[in-house]
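# An overview of the molecular structure
Listed here are the chains, written in short residue letters.
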Amino acid sequence: MSEQGASAANHSHVTPFVELSRADWAALAPTTHLPLKETELVQLRGLGEPLNLDEVTDVYLPVSRLLNLYAAGARQLHRQTSDFLGERAQRTPFVIGVAGSVAVGKSTIARLLRELLARWEDTPRVELVTTDGFLFSNAELARRGLMERKGFPESYDRRALLRFVSAIKSGATEVRSPFYSHLSYDIVPDAQIVVRQPDVLIVEGLNVLQPPGQGHGLAVSDLFDFTVYVDARTRDIARWYEERFLKLQRGAFSNPKSYFHRYSTLSEEEARAKAQDIWGRINEPNLLHNIRPTRSRATLVLRKDSDHAVSKVLLRKV
């Protein structure tokens, strides 16, 4: 091979990430007793996700320890910076962003990390907020002609989300966010989530890794201290979405108050067709055009196989 060809070949393998197999990542697990019981895991598990204690031990316990180390490092850097400036600035929460497609399992991972991080000595107070609360109301989405694009970047009040995270990072004593109901599929008027100076704040959502929009100098992702992207093949996510839709159709959709109650009487064949239609029109285009392009901006990528189990972990090089 010529020198130029060798250089091109070497360049093709250049990556900002360290890639580890499941086994290599599991070997990094702390030699501490897993602080979760099976009953607790059942409560954290998402619909249709076969998350078990082995997966938590192999994958998520090391992730929580890594995050704990990053948070401790951020506190140390804060102290050193304050000393350098000759002031005692108030410490602010360590903010983690968790992104990924609909049905990929990011909500379960965010809940699991909240529980694991809260059990490390340095990060006992952990809060979790989803960006669903920053969707425009259904009435506003309808007014803007965006009901068919719910979950796309333009369906969120990005200014409100940016103000919320900015207030958290500024050290505000109390910050409030809107509350979203998955039953009514809408923002609940006069209901709020209150966040009071946690050690760690986890912000979970489809598009939290988006860069600034045109004409905007700052994005919410610029305020994160660490980011996680949950990855999987498109065909696997599509199947998981369909399976979840069927379980919801037989369960939550049967509630007369559910926004999707009209789907509760569909036959299984009709329900599958409806799930495939929604996936093809809304969720897949959002994944391909908006969500997946932000994967390379993450600090950590968790890559899942078809059985929902994480097979590879990619960590951005420091």
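Residues numbered from 1 in each chain as written. Predicted model: local features only at pLDDT ≥ 70, side-chain atom pairs only at ≥ 80, totals over all residues. Heavy atoms only, no water.

Defined as follows: UniProt positions are given in the numbering used here, feature names are shortened, and annotations may be inferred rather than shown by experiment.
As recorded in an unreviewed UniProt entry, the protein goes by the name Pantothenate kinase, listed as coming from Leifsonia kafniensis. One UniProt comment on the protein, placed under Sequence similarities (unreviewed entry), says "Belongs to the prokaryotic pantothenate kinase family." According to UniProt, the comment filed for the protein under the heading Catalytic activity (unreviewed entry) is "(R)-pantothenate + ATP = (R)-4'-phosphopantothenate + ADP + H(+)".

## A short note on the overall build of the protein
Which entries qualify depends on this criterion: Only DSSP runs of H or I with at least four residues qualify as helices, and only runs of E with at least two residues qualify as strands; both kinds are numbered from the N terminus onward. With the radius of gyration taken over C-alpha atoms, the globule rule is written as 2.2 Å times the number of residues to the power 0.38. When a residue's accessible area, from a 1.4 Å probe over protein chains only, is under 20% of the maximum for its type it is buried; when over 50% it is exposed; and in between it is partly exposed. Per-residue and other accessible areas were derived by the Shrake-Rupley procedure at a 1.4 Å probe size, with only the shown protein chains allowed to occlude residues. Positive charges come from Lys and Arg alone, negative charges from Asp and Glu alone, with His and the N- and C-terminal ends not counted. Positions of charges follow a simple convention, taking NZ of Lys, CZ of Arg, CG of Asp or CD of Glu.
The helix and strand tally for the protein stands at nine helices and nine strands. Its C-alpha atoms give the protein a radius of gyration of 21 Å, near enough to 20 Å, the size a compact globule of 318 residues would have. Taking the principal axes of its C-alpha atoms as reference, the protein extends roughly 60 × 60 × 45 Å. Taking all 318 residues of the protein together, 45% fall into the buried category. Of the accessible surface of the protein, which amounts to about 16400 Å², a share of 51% is contributed by carbon and sulfur atoms. Distance between charge centroids for the protein: 3 Å, based on 42 positive and 38 negative side chains.

## Quick word on the UniProt feature "binding site: ATP" (unreviewed entry) in the protein
Our working definition: Only heavy atoms enter the contact rule, under which two residues are in contact if any of them lie within 4.5 Å. Side-chain atoms alone can form a polar contact between residues adjacent in sequence; in general such a contact is a pair of N or O atoms within 3.5 Å, and within protein one must be able to donate a hydrogen while the other accepts it.
The feature "binding site: ATP" (unreviewed entry), as given by UniProt, occupies Gly100, Ser101, Val102, Ala103, Val104, Gly105, Lys106 and Ser107 in the numbering adopted here. The topology assignment puts Val104 in the loop between strand 2 (94-100) and helix 5 (106-117). Given a relative accessible area of 0%, Val104 falls into the buried group. In contact with Val104, not counting residues within four places along its chain, are Val230, Asp231, Ala232, Ile237, Trp240, Lys304 and His308. If you trace the backbone, Lys106 turns up in helix 5. Ignoring any residue separated from it by four or fewer positions in sequence, one finds Lys106 in contact with Val98, Ala99, Gly100, Ser101, Glu204, Gly205, Leu206 and Val230. In this structure the side chain of Lys106 is engaged in a polar contact, spanning 3.2 Å, whose partner is the backbone oxygen of Ser101.

## Here we look at the pairing of strand 9 (residues 310-316)
How we decide: Each pair of strands is called paired provided DSSP finds at least two bridges between the two strands.
One ladder, built from five bridges, connects strand 1 (residues 17-21) with strand 9; its direction is antiparallel. In the sheet register, Phe17 faces strand 9, and the bridge partner there is Arg316. In this antiparallel pair of consecutive strands, strand 8 (residues 300-304) and strand 9, the connection spans five residues, and His308 shows a positive phi of 80°.

## As for the nonpolar core
Where we set the bar: Put simply, buried Ala, Val, Leu, Ile, Met, Phe, Trp, Tyr and Cys residues joined by side-chain atoms within 4.5 Å make one nonpolar core.
One finds Ile202 and Leu302 to be the most contacted residues of the largest nonpolar core, which totals 84 residues. With eight residues, helix 4 (residues 53-85) is the single largest residue contributor to this core.

## Some remarks on the pattern of salt bridges
For clarity, the cut-off: Between Lys or Arg on one side and Asp or Glu on the other, a salt bridge is scored when a side-chain nitrogen of the former is within 4 Å of a carboxyl oxygen of the latter.
What the rule picks out here adds up to 25 salt bridges. A salt bridge links Arg119 to Glu40, with the nearest nitrogen and oxygen atoms 3.0 Å apart. Placement of the pair is Arg119 in the loop between helix 5 and strand 3 (126-130) and Glu40 in helix 3 (residues 38-44), with a sequence separation of 79 residues. Classification of Arg119 by relative accessible area gives partly exposed; the value is 36%. In this structure, Glu174 and Arg196 form a salt bridge, with 3.0 Å as the shortest nitrogen-oxygen distance. Pair noted here: Glu174 is in the loop between helix 7 (158-169) and strand 4 (175-181) and Arg196 is in the loop between strand 5 (186-195) and strand 6 (200-204), with a separation of 22 residues, a long-range link. For Glu174, a relative accessible area of 37% puts it in the partly exposed group.

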